[in-house]
Amino acid sequence: MDTKTRITREGIRLYNPEDFEGMRKAGRLAADILDRIIPLVEPGVTTEVLDRAIEDMVNDAGATSATIGYKGYQHASCISINHVVCHGIPSDKKLKDGDILNIDVTVIVDGWYGDTSRMFVAGKLNRKAERLIEVTHEALMRGIEAAKPGNTFGDIGFAIQSFVEKNRMSVVRDFCGHGLGQVFHAPPNVLHYGRPGTGPLLQEGMFFTIEPMVNLGRPETKVLGDDWTAVTRDKSLSAQYEHSIGITAEGSEIFTLSPADKFHPTYG
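Residues numbered from 1 in each chain as written. Predicted model: local features only at pLDDT ≥ 70, side-chain atom pairs only at ≥ 80, totals over all residues. Heavy atoms only, no water.

Caption draft 1: Main features of the sheet that holds strand β10 (residues 213–215). Read across the sheet, three strands follow the order β6-β10-β13 without closing on themselves; strand pairing throughout is antiparallel. Each edge of the open sheet carries a strand with a single partner, namely β6 (170–171) and β13 (238–240). As defined by bridge partners, β6 adjoins β10 across two bridges and the pair is classed as antiparallel. Residue pairing for β10: V171 is matched across the bridge by V214. On top of the sheet, helix α3 (residues 127–145) reaches β10 and β13; it is set at about 35° to β13, its chief contact. (Pairing = 2+ DSSP bridges. Helix = DSSP H or I, 4+ residues; strand = E, 2+ residues; numbered from the N terminus. Contact = heavy atoms within 4.5 Å. Axes fitted to C-alpha atoms, helices over the stretch in contact; angles between N-to-C directions.)

Printed below as a string of C-alpha cells:
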C-alpha cells in the first residue's frame, strides 16, 4: 500500500511525520484567532460582530474558513451561549453580563484543517459557570493524556466521562470528536464517554479532535428549527473545549495550543 494512503481496518487515516507540520500551521492560526478575539467578548457585543471579526482574521491570514459554505452554513464560526451545546449561529443577539460562550473556529491552511474551540466569558463569571468551565477544561486535558499509542478510543472516552460524572455533571452523547487532516471530518468518531480497552487502537499518525461537551444538568440535547443549534433539553448550562491532536510515538501533540496561553478564560 502507498505510504501516503495508509488506512486502518476501521478506515482511519495514518499520516506521515512530515504531515505534522501542516497541522501545526493550521492549528496555530485557529488558536491565534481565538486569542485575538478575547478583547471583543464583552457585554453588549453581538455574536455577529464577533463572527465578522473572525472572518476578517481568517482572510487577512490568507487562509480559508472551513465552515463558510459547509452544508449551507454561512459563518466563519459557531458561537454557543449558555445552554447552547454546540453549533450556535452568530446573530444580532447581544451578550449579557455573565454569559459564557463557546467559540468554535476551523481554518484551512495549505490544504490542512485547524479546528479548535474554547470558552469565553462576557463580564463577570459566576461560580456555577466557573466550575462548569473548570471541569470541562480538565476533562479535555484528561482525554488528551489518555491519547497515546497502545490505548484505545474507549480509554479517551472513559477518562473524560469518569471525571465529569465524579463532579456530578454529564457528558453530551449526541455529538463527538472526529478525524481530520486534509479533510474536515473523517473517521474516527471520537466519543467522550466509553469503557477502557474498547474501540479502535490508537496508532502513531492519527489526527483527530477531542471536544467534550459537558452539561450542568442532564446530557440530553435537542436541535432547534434552524437545523444547526443544539441546546440542552433541561436548559442547563453547557460548556465545551476542543483541541486538534496528532498521535506520536510517545503520546500526542496538540496542534491548537493557544500562542498567548489564553486557552482557559481564567488562566494566564
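Now that the structure has been shown, we can carry on.
Caption draft 2: Spatial organisation of the environment of F120. As for its position among the elements, F120 is in strand β5 (residues 112–121). Those residues in contact with F120 that sit more than four places away from it in its chain are L34, I37, I38, V41, D99, I100, L101 and I103.

Caption draft 3: A look at the packing of aromatic side chains. Considering all chains together, one arrives at 11 aromatic pairs under this definition. Taken together, a centroid distance of 5.7 Å and an interplanar angle of 65° make the contact between F20 and F255 edge-to-face. With a gap of 235 residues between them, F20 in helix α1 (residues 20–37) and F255 in the segment after β15 (252–254) connect regions that are remote in the sequence. Summarising the burial analysis for this pair, F20 and F255 share the class buried. Three or more aromatic residues link up through ring pairs in this structure, and these residues are Y15, F20, W112, F207 and F255. The positively charged end of R173 is found above the aromatic ring belonging to Y193, 4.9 Å away from the centroid. (Phe/Tyr/Trp six-rings, centres within 6.5 Å; stacked < 30°, edge-to-face > 60°. Buried < 20%, exposed > 50% of the residue type's maximum accessible area, 1.4 Å probe, protein only. Lys NZ or Arg CZ within 6 Å of the ring centre and 35° of its normal.)

Caption draft 4: The environment of L140, seen in detail. Checked against the element boundaries, L140 lands in helix α3. Along the sequence, L140 and T266 sit 126 residues apart, while their C-alpha atoms lie 16 Å from each other.

Caption draft 5: Representation of the packing of α3 against helix α4 (residues 153–166) within the structure. Their axes nearest at 8 Å, the elements α3 and α4 cross at an angle of 155°. Taken as axis vectors, α3 and α4 run roughly antiparallel relative to one another. Judged by the sense of rotation from one axis to the other, the crossing of α3 with α4 is right-handed. Of the residues in α4, those in contact with V135, E138, A139, R142 and G143 of α3 are I156, A159, I160, F163, V164 and K166. (Parallel < 35°, antiparallel > 145°, perpendicular 65-115°, else oblique. Left-handed = near helix turned anticlockwise from the far one by under 90°.)

Caption draft 6: How the structure looks around the layout of surface pockets. The space that makes up the largest pocket amounts to roughly 460 Å³. Along its surface, the largest pocket is lined by 24 residues, and Y70, H87, H178, H185 and E211 are the ones closest to its centre. In this structure, the second largest pocket encloses a volume near 180 Å³. The biggest single contributor to the lining of the second largest pocket is strand β2 (residues 78–81), with three residues. Its residues assigned to classes, the lining of the second largest pocket comprises four nonpolar, seven polar and one charged. (1 Å grid on protein atoms, 1.4 Å probe; cavity = no way out; pocket = protein on both sides within 12 Å on 5 of 7 lines; lining within 4 Å. Points joined across faces, edges and corners; volume = space filled by probe spheres on them. Nonpolar A, V, L, I, M, F, W, Y, C, P; charged D, E, K, R; others polar.)

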